[in-house]
Amino acid sequence: MSKLDAALAHADAHLDESVARLTTLVAIKSISTDPAYAADVQRAAEWLTSELAALGFDASVRPTTGHPMVVAHDHAAEGPHVLFYGHYDVQPVDPLHLWNTDPFTATPITGADGEVRIHGRGTSDDKGQLLTFIEACRAWKAVNGPLPLKVSVFLEGEEESGSPSLKPFLEGAKAELGAADIALVCDTDLWNRDTPAIVTSLRGLVGEEIEITCASHDLHSGMFGNAARNPIQVLADIIASLRNPDGSVAIAGFYDDVAELPEDIAALWQRLPYDEQAFLAGAGLTTPAGESGRSVLEQTRSRPTCEINGITGGYTGDGFKTVIPARASAKISFRLVSNMDPAKIRAAFRKHVTDRLPPDATVTFKEHGGSPAVSVPTDGPFLKTAARALAEEFGQEAALIGSGGSIPVAGDFKTILGLDTLLVGFALDDDRIHSPNEKYDLRSYHKGIRSWLRIIAALAE
Ligand SMILES: [Zn+2]
């Protein structure tokens, strides 16, 4: 029996104990956003550290000005060096009355489809997911002794509360953590229960707030109507000008740094099981908006966006008031892809607005953050190896997919540690993370452990 097969067999035979450890971790109420649970967050860090130390890792709890980090190393082997990341903090559990089981008691429930799902806060996000990797290390070590490659484990306790300590910690640990060859992040979804996925791009974001001012004060429409410039009309005209009739964004230069999907990835997306109509129907919609000629998958995963998130102005209270307001404002955000530069997009947007201001209208802009997109080269050796290992475990080609949202840690690993990240996750999109009745698919937990064993073995070759 190969070392891999022996480790896989051990993981299978000891799955119940792996679930028991997940149960222990779920019982620790590590809610990072609520100071009342600070001691629990600390306890979760200590529990993980002692588990890793018992596996032979050089493990420690590292204090920060917020919640601690867990750092553990096992560098006995020669060969590539992976840095594994997960987070051990969880979201609050309220409203409690909407839970069908106690949130901190991991409870296996068999569904009508015969699949077992473990209910409880953090079972999926991210305690179950981070344990898939640790349990894989445990199974390997139990039967084969030392791991076949260098492993560093880095666990955060503030992911659900904005990661305030992450950047400063990484800055201070550049030499220690940046020595790895690749980061592995386990906090994303499978494509579906039978199809593994590697997230290869995360979109960036630019937030802008604009306020249009015309008259010096609100006016009466009976006295000033027609003659006075109306800032809501100005704002509406500007907002309407942001999109072309074909749905593309009309800001000059907006698409300059947007790359088309590589042909092999575009072909892979074509093959993925994906029901556009069902996706829209889930939101009560029937017809895709946005850029014509682009699939919904492309639009939500690999194309930039321009969305109006809020708009205010004039009288919005009960009844009616014939006012010509003095000002109107809107919040507008852009999701960025490829090499789009947040500063350049912000400047292009501001020029687009300023160029369209009629007489008597002035504008002020307020910045609401900006971050570039992150992408992992899809032809890199680590990614190819991991994709092959996942395909072996699932008997299905791995989906190399863009994520519509963002996972900031991947950007920080790149900019601070100089590391590319492989985002390999084993959650399902209906795990109800952050919501009551969070659950984790037992089969996916098991397959996650097995997948990491395959990835570890393949990367070590
Ligand atoms: Zn998470």
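As shown above, the structure is provided for reference.
Calculation criteria
Residues numbered from 1 in each chain as written. Predicted model: local features only at pLDDT ≥ 70, side-chain atom pairs only at ≥ 80, totals over all residues. Heavy atoms only, no water. Helix = DSSP H or I, 4+ residues; strand = E, 2+ residues; numbered from the N terminus. Rg over C-alpha atoms; globule rule 2.2 N^0.38 Å. Buried < 20%, exposed > 50% of the residue type's maximum accessible area, 1.4 Å probe, protein only. Areas by Shrake-Rupley, 256 points an atom, 1.4 Å probe, with all protein chains shown as cover. Lys, Arg positive; Asp, Glu negative; His and termini not counted. Charge placed at Lys NZ, Arg CZ, Asp CG, Glu CD. Donors = N, O, S within 2.8 Å, 3.2 Å for Na, K, Ca; no water. Tetrahedral: all angles 85-135°; square planar, octahedral: opposite > 155°, others 65-115°. Pairing = 2+ DSSP bridges. Axes fitted to C-alpha atoms, helices over the stretch in contact; angles between N-to-C directions. Contact = heavy atoms within 4.5 Å. Phe/Tyr/Trp six-rings, centres within 6.5 Å; stacked < 30°, edge-to-face > 60°. Lys NZ or Arg CZ within 6 Å of the ring centre and 35° of its normal. Expected span 1.5 Å × (residues − 1). Salt bridge = Lys/Arg side-chain N within 4 Å of Asp/Glu carboxyl O.

### Side note on the overall build of the chain
Argument step 1. The helix and strand tally for the chain stands at 15 helices and 18 strands.
Argument step 2. The C-alpha radius of gyration of the chain comes to 25 Å, within 12% of the 23 Å expected for a compact globule of 461 residues.
Argument step 3. For the chain, the spread of C-alpha atoms along the three principal axes comes to 85 × 50 × 50 Å.
Argument step 4. Buried positions account for 51% of the 461 residues belonging to the chain.
Argument step 5. Here the chain has roughly 20200 Å² of accessible surface; of this, 52% comes from carbon and sulfur atoms.
Argument step 6. Counting 40 positive and 62 negative side-chain charges, the chain places the averaged centre of each group 2 Å from the other.

### Considerations on the coordination of the zinc ion
Argument step 1. Protein-derived ligands of the zinc ion are H87 (NE2), D125 (OD), D187 (OD) and D187 (OD), with the metal-ligand distances lying across 1.9 to 2.5 Å.
Argument step 2. For the zinc ion, the four donor atoms are set out with angles of 52 to 144 degrees between them, so the coordination reads as irregular.
Argument step 3. Binding-site remark: the zinc ion is held by donors from one chain whose sequence spacing is H-x37-D-x61-D. Taken together, the residues span a long stretch of sequence, with D125 in the loop between β5 (116-119) and α4 (127-144) and D187 in the loop between β7 (182-185) and β8 (197-202) at a distance of 62 residues. With respect to class, D125 is no different from D187; both count as buried.

### Description of the sheet that holds strand β18 (residues 439-441)
Argument step 1. Taken together, the three strands give an open sheet; going across it, the order is β4-β5-β18, and neighbouring strands pair in antiparallel fashion. One side of each edge strand has no neighbouring strand; the edge strands of this open sheet are β4 (107-110) and β18. On average, each strand axis in the sheet is tilted by 30 degrees relative to the strand beside it, whichever way the strands run.
Argument step 2. In the sheet, β5 pairs with β18 via three bridges, with the strands oriented antiparallel. Counterpart to I118 in the pairing with β18 is Y440.
Argument step 3. Its contacts with the sheet place helix α15 (residues 442-460) against β5 and β18, and it is angled at close to 60 degrees to β18.

### Focus: the packing of aromatic side chains
Argument step 1. Enumeration according to the criterion identifies 15 aromatic pairs in this entry.
Argument step 2. Aromatic pair Y85 and F154: ring centres 6.0 Å apart, planes at 55 degrees, arrangement tilted. Taken together, the positions of Y85 in strand β3 (residues 81-87) and F154 in strand β6 (residues 150-156) put the pair 69 residues apart, joining distant regions of the chain. Both residues of the pair, Y85 and F154, count as buried.
Argument step 3. Arranged with centres 6.3 Å apart and planes meeting at 55 degrees, the rings of F154 and F413 form a pair that is tilted. Pair noted here: F154 is in strand β6 and F413 is in helix α14 (residues 408-417), with a separation of 259 residues, a long-range link. For the residue pair F154 and F413, the accessibility class agrees, reading buried in each case.
Argument step 4. Here the basic side chain of K141 rests over the ring of F57, its NZ or CZ set 5.4 Å away from the ring centre.

### Here's the deal with the environment of L272
Argument step 1. With respect to the element layout, L272 can be found in the loop between α9 (263-271) and α10 (276-281).
Argument step 2. For L272, a relative accessible area of 10% translates into the label buried.
Argument step 3. Spatially, the C-alpha atoms of L272 and I251 are 32 Å apart, while their sequence positions differ by 21 residues.
Argument step 4. Excluding residues that lie within four positions of it along the chain, L272 makes contacts with W191, A399 and I401.

### Considering the sheet that holds strand β11 (residues 307-313)
The strands making up a sheet are joined through hydrogen bonds of the backbone, oriented either antiparallel or parallel.
Argument step 1. The strand order across the open sheet built from four strands is β11-β13-β9-β14, with neighbouring strands paired in antiparallel fashion. This sheet does not close on itself; its edge strands, each paired only once, are β11 and β14 (362-371). Across the sheet, the mean angle from the axis of one strand to that of its neighbour is 15 degrees, orientation sign disregarded.
Argument step 2. Pairing geometry for strand β9 (residues 204-213) and β14, over eight bridges, is antiparallel. Looking at β14, one finds that I210 is bridged to F365.
Argument step 3. In the packing of helix α8 (residues 231-240) onto the sheet, contacts are made with β9, β11 and β13 (327-336), and the angle to β13 comes to roughly 15 degrees.
Argument step 4. Against the sheet, helix α12 (residues 342-355) touches β9, β13 and β14, its axis set at about 160 degrees to β14.

### Here's the deal with helix α2 (residues 15-26)
Residue pairs spaced three or four apart in an α-helix point in one direction, given the helix's 3.6 residues per turn.
Argument step 1. Taking 1.5 Å of rise per residue, the 12 residues of α2 would be expected to cover 16 Å, and the 16 Å separating its terminal C-alpha atoms lies within 8% of that figure.
Argument step 2. Where α2 is buried, its residues touch α1 (3-13), α3 (38-54), β5, α4 and α15.

### Looking at α14
Argument step 1. The element α14 is extensively covered by neighbouring structure, given that seven of its 10 residues are classed as buried.
Argument step 2. The complete set of buried residues in α14 reads V409, A410, G411, D412, F413, I416 and L417.
Argument step 3. One or two residues past the end of α14 sits G418, with phi positive at roughly 70 degrees.

### Overview of the pattern of salt bridges
Argument step 1. Counted by the stated rule, this structure contains 35 salt bridges.
Argument step 2. With its nearest N and O atoms 2.8 Å apart, the salt bridge here joins R121 to E438. In this pair, R121 is assigned in the loop between β5 and α4 and E438 in the loop between β17 (421-424) and β18, connecting sequence segments 317 residues apart.
Argument step 3. In this structure, K439 engages D430 in a salt bridge whose closest nitrogen and oxygen atoms are separated by 3.9 Å.
Argument step 4. By relative accessible area, K439 is classed as buried at 6%.
Argument step 5. Because the salt bridges share partners, they merge into one network encompassing D12, E392, E393, K447, R450 and R454.

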